[in-house]
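# Commentary on secondary and tertiary structure
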Amino acid sequence: QVQLVESGGGLVQAGGSLRLSCASSVRIFSINTMGWYRQAPGKQRNLVATITSGGSTNYADSVKGRFTISRDNAKNTVYLEMNSLKPEDTAVYYCNAHSVGYDFWGQGTQVTVSS
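Residues numbered from 1 in each chain as written. Predicted model: local features only at pLDDT ≥ 70, side-chain atom pairs only at ≥ 80, totals over all residues. Heavy atoms only, no water.

### Observations regarding the pairing of strand 5 (residues 46-52)
Note that strand 4 (residues 33-39) and strand 5 share 6 bridges and pair antiparallel. Each bridged residue has a counterpart across the sheet, and for W36 the counterpart in strand 5 is A49. Joining the antiparallel neighbours strand 4 and strand 5 is a turn of 6 residues, in which G42 adopts a positive phi near 75°. Where strand 5 and strand 6 (residues 57-59) come together, 3 bridges link them in antiparallel fashion. Note that in strand 6 the partner of I51 across the bridge is T57. Once strand 5 ends, the chain turns through 4 residues before running back antiparallel as strand 6, passing G55 with a positive phi of about 95°. (Pairing = 2+ DSSP bridges. Helix = DSSP H or I, 4+ residues; strand = E, 2+ residues; numbered from the N terminus.)

Right, dumping it as structure tokens:
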């Protein structure tokens, strides 16, 4: 069982920045892929960014150049640095841990960007 706890969400004005953190209960170096997803009201959950155990990253087109995903294996924590935030970035952001045979989610953290 992997427990993921997100933090760092909040209310920010358009153009501002936030950094989300996802703390894992297990060593993240053993997890194939860590990721961030988001879900806006009435919409499906979509990928924001992922990072593999080898450090390869992948981003949704809508956040490329503005968001950066990183991982600190020593702290068992994954981060999402979000810059130049837009109102359309408003959503609940979820952390995900994925390896062969399992897929775990955090409880989510709300990000609200005001115009």
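Okay, back to it.
### Concerning the side chain of T50
Structurally, the position occupied by T50 is in strand 5. A relative accessible area of 11% places T50 in the buried class. Not counting residues within four places of it along the chain, the set of residues in contact with T50 comprises T33, M34, G35, Y37, S56, T57, N58 and I69. (Buried < 20%, exposed > 50% of the residue type's maximum accessible area, 1.4 Å probe, protein only. Contact = heavy atoms within 4.5 Å.)

### Re the packing of aromatic side chains
If you walk through the whole model with that rule in mind, you get 2 aromatic pairs. Between Y37 and W105, the aromatic rings sit 5.0 Å apart at their centres with planes inclined by 70°, giving edge-to-face as the arrangement. Within this pair, whereas Y37 is found in strand 4, its partner W105 is found in strand 10 (residues 102-105), the two being separated by 68 residues in sequence. You can call Y37 buried: its relative accessible area is 18%. Judged by centre distance (5.2 Å) and plane angle (45°), the ring pair of Y102 and F104 falls under tilted. With a relative accessible area of 25%, Y102 lands in the partly exposed category. Seen from the ring of Y94, R45 lies directly overhead, with NZ or CZ sitting 3.6 Å from the centre. (Phe/Tyr/Trp six-rings, centres within 6.5 Å; stacked < 30°, edge-to-face > 60°. Lys NZ or Arg CZ within 6 Å of the ring centre and 35° of its normal.)

Interpretation in functional terms is not warranted from these geometric data alone.
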